[in-house]
Amino acid sequence: VQLQASGGGLVQAGDSLRLSCAASGRTFSNYCVGWFRQAPGEEREFVAAIRWSGGNTYYADSVKGRFTISRDNAANTVYLQMNSLTPEDTAVYYCATSRRIINSTIRISQYYDYWGQGTQVTVSS
């Protein structure tokens, strides 16, 4: 599975961005797709995830109510709509996927097998 993340950019606090994660080589069927982010000097952290089958979604507490993860079956793409951005959201955002994710591992990056290249999100104050 090859993943292509896009949509990052430089925005001001309070603005919105929509990130995309497109898959090639295989469809997302039966996969879980997650978004993670990593700020300079910080550990990679979980942001959100969606199960392709059923569409169940999961969020980090820090983004709940501001970010929305969704999927487009026809486009084989997962989106991360980010609203009310703050400077604390500045990071490189990565999408990742795996078929072996269970509920207890959905927030753990080591359980994701395929990763996109990352897209930079910078929020100025």
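Above this text sits the structure in question.
All values derive from a computational prediction rather than experimental measurement.

> So what exactly am I meant to see when it comes to the pattern of salt bridges here?
Where side chains of opposite charge bring their charged atoms close, a pairing between them can arise. Inspection of every chain in the model, using the stated rule, returns five salt bridges. In this structure, the salt-bridge partner of Lys 64 is Asp 61, at a minimum N-O distance of 3.3 Å. Residue Lys 64 shares its accessibility class with Asp 61, and that shared class is exposed. Asp 89 is the partner of Arg 66 in a salt bridge, and the nearest nitrogen-oxygen pair spans 2.8 Å. With a gap of 23 residues between them, Arg 66 in the loop between β6 (57–59) and β7 (67–72) and Asp 89 in the loop between β8 (77–82) and β9 (91–98) connect regions that are remote in the sequence.

> Help me understand the state of the cysteines in this model?
Cysteine pairs can be linked by a disulfide, which is a covalent bond between their two sulfur atoms. One pass over the structure, following the stated rule, counts one disulfide. One disulfide bridge connects Cys 21 with Cys 95, the sulfur atoms lying 2.2 Å from each other. Residues Cys 21 and Cys 95 are joined by a disulfide whose S-S torsion is about 75°; by sign, that bridge is right-handed. Taken together, the residues span a long stretch of sequence, with Cys 21 in strand β3 (residues 17–24) and Cys 95 in strand β9 at a distance of 74 residues. The class of Cys 21 is buried, set by a relative accessible area of 0%. On the accessibility criterion, Cys 95 (0% relative accessible area) is buried. The cysteine Cys 32 is free of any disulfide, with Cys 21 supplying the nearest cysteine sulfur at 11 Å.

Cut-off values and rules
- Residues numbered from 1 in each chain as written.
- Predicted model: local features only at pLDDT ≥ 70, side-chain atom pairs only at ≥ 80, totals over all residues.
- Heavy atoms only, no water.
- Salt bridge = Lys/Arg side-chain N within 4 Å of Asp/Glu carboxyl O.
- Buried < 20%, exposed > 50% of the residue type's maximum accessible area, 1.4 Å probe, protein only.
- Helix = DSSP H or I, 4+ residues; strand = E, 2+ residues; numbered from the N terminus.
- Disulfide = S-S within 2.5 Å.

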